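Per-entry structural report
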Amino acid sequence: MKIKLFELAARYRKGILIALSLVVLEQLAWIVEPAIFGKVIDALIERATADAPGLKSLNVFPLFLWILVFLINSGTGVVRRIVDERIYLRIYSEIATGIASSGRKRKHAISKTVARAQLSEQYISFLQYTMPEILDQIISIGGAVVALAAFDWRISVACLTIVLPLVQITRIYARKVSALQKEYHDNYETTFDVFARQSQDEVKAFYGRATVLKQKIANWGALNFGVMRVALLFIFIAVLYIAIDLDDFSTGAIYSIVAYIWTFITTSEYIPQLMENWTSLEDISRRLKESTDEPQADKIPPSPKLT
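Description of the structure in this document. From a predicted model like this one, the values you see are computed outputs, not experimental measurements.

This paragraph deals with the overall build of the protein chain. Helix and strand content of the protein chain: eleven helices and zero strands. If you list the helices and strands of the protein chain from N to C, you get α-α-α-α-α-α-α-α-α-α-α. Within the protein chain, buried positions represent 41% of all 307 residues. Of the contacts formed within the protein chain by residues at least 6 apart in sequence, a portion of 86% connects residues at least 24 apart. Summing over all exposed atoms, the protein chain offers an accessible surface of approximately 17,400 Å²; the carbon and sulfur share of this is 66%.

Turning next to the environment of S250. With respect to the helices and strands, the residue S250 is situated in the loop between α9 (200–246) and α10 (251–268). For the pair S250 and G38, spaced 212 residues apart in sequence, the C-alpha to C-alpha distance is 9.0 Å.

In this section: the packing of helix α2 (residues 13–48) against helix α3 (residues 61–105). Relative orientation of the contacting elements α2 and α3 amounts to 160 degrees, with a least axis distance of 8 Å. Compared by their axis directions, α2 and α3 come out roughly antiparallel. Crossing of α2 over α3 shows left-handed handedness. Residue composition of the contact of α2 with α3, grouped by class: 25 nonpolar, four polar and six charged.

Evaluation of the coordinates by the stated rule reveals six aromatic pairs. Taken together, the ring pairs in this structure connect F37, W66, F70 and Y255 into an aromatic cluster. One Lys or Arg, K214, reaches over the ring of Y184 and ends 4.7 Å from the middle of that ring.

Core analysis: the largest hydrophobic core is formed by 23 residues, its most contacted members being L148, I155, V239, I257, I261 and F264. Those elements giving two or more residues to this core turn out to be α5 (121–151), α6 (153–160), α9 and α10. Every residue in contact with I261, bar those within four places of it in the chain, is listed here: L148, F236 and V239. Core analysis: the next-biggest nonpolar cluster, separate from the first, contains 20 residues, L20, Y88, I99 and Y123 among them.

Turning next to a nonpolar patch on the surface. On the surface, a nonpolar cluster with roughly 530 Å² of combined accessible area is contributed by V60, L63, F64, I67, F70 and L71. Tracing the chain through its elements places L63 in helix α3.

Conventions and cut-offs
- Residues numbered from 1 in each chain as written.
- Predicted model: local features only at pLDDT ≥ 70, side-chain atom pairs only at ≥ 80, totals over all residues.
- Heavy atoms only, no water.
- Helix = DSSP H or I, 4+ residues; strand = E, 2+ residues; numbered from the N terminus.
- Buried < 20%, exposed > 50% of the residue type's maximum accessible area, 1.4 Å probe, protein only.
- Contact = heavy atoms within 4.5 Å.
- Areas by Shrake-Rupley, 256 points an atom, 1.4 Å probe, with all protein chains shown as cover.
- Axes fitted to C-alpha atoms, helices over the stretch in contact; angles between N-to-C directions.
- Parallel < 35°, antiparallel > 145°, perpendicular 65-115°, else oblique.
- Left-handed = near helix turned anticlockwise from the far one by under 90°.
- Nonpolar A, V, L, I, M, F, W, Y, C, P; charged D, E, K, R; others polar.
- Phe/Tyr/Trp six-rings, centres within 6.5 Å; stacked < 30°, edge-to-face > 60°.
- Lys NZ or Arg CZ within 6 Å of the ring centre and 35° of its normal.
- Core = buried A, V, L, I, M, F, W, Y, C linked by side-chain atoms within 4.5 Å.
- Patch = residues over 30% accessible without salt bridge, like charges linked within 9 Å, V, L, I, M, F, W, Y side chains within 5 Å.
- Salt bridge = Lys/Arg side-chain N within 4 Å of Asp/Glu carboxyl O.

Listed below in structure tokens is the structure:
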């Protein structure tokens, strides 16, 4: 059973497309919401400052439009969370069953088969959680840049200056974390054997190695996060200067601009986590491919002596 992410997506494309389509609809509704709500604020301010304030002077169309977008976003989110479980639990069940069957036929060590079946769950986590996050980031960052350009093109240019440092940081981060992920998974595949030997010292050493590797991965993620936050701080200040000092925007427009800037900043923060998930999945893909391409079966280790 040769498992790769794109092959998996192709095999279960109907269910995955349904799930991801709901994600796109939910996020599109969410990204247009700040612009519409800014119009609602302006309509309420205009009503409050009118010569004869009252319901007749209130432009209710922006309010109804915002309510509609809010309901689409919320309703799609509810449906997606129900549908996702049905789709991805079935996929994981079939993957784990296939790995178990392949391991039995090739006489792989039980520890390796069990570990790889458990590691394969990361495919499902990637499709169910990471892929929606990637789509969310694409829509949020792209939508925020487009929306900000509609207010002032200089704001979008200021936001896009993060791209070059972001690419460089991501390349370094991916290279370092990829090596650490390999070491972590090498250690993980020995879980069964370590516990089978019933040695407290070996179990302690096993979790010690796992802890050190996870901490190193976390340290690189923290460094990536910190550098990005510093860069985003300068962008945030530049955008506020353009929005407040150089343009004569209404209160509602300023709200929308700040909301989109904040969307841009908070969405960018998730990039290190997504890169960590991606590098982990790449290493797992290599291992599962090896488990199906190996010409000779692994030797089953002898039963450990009880101590």
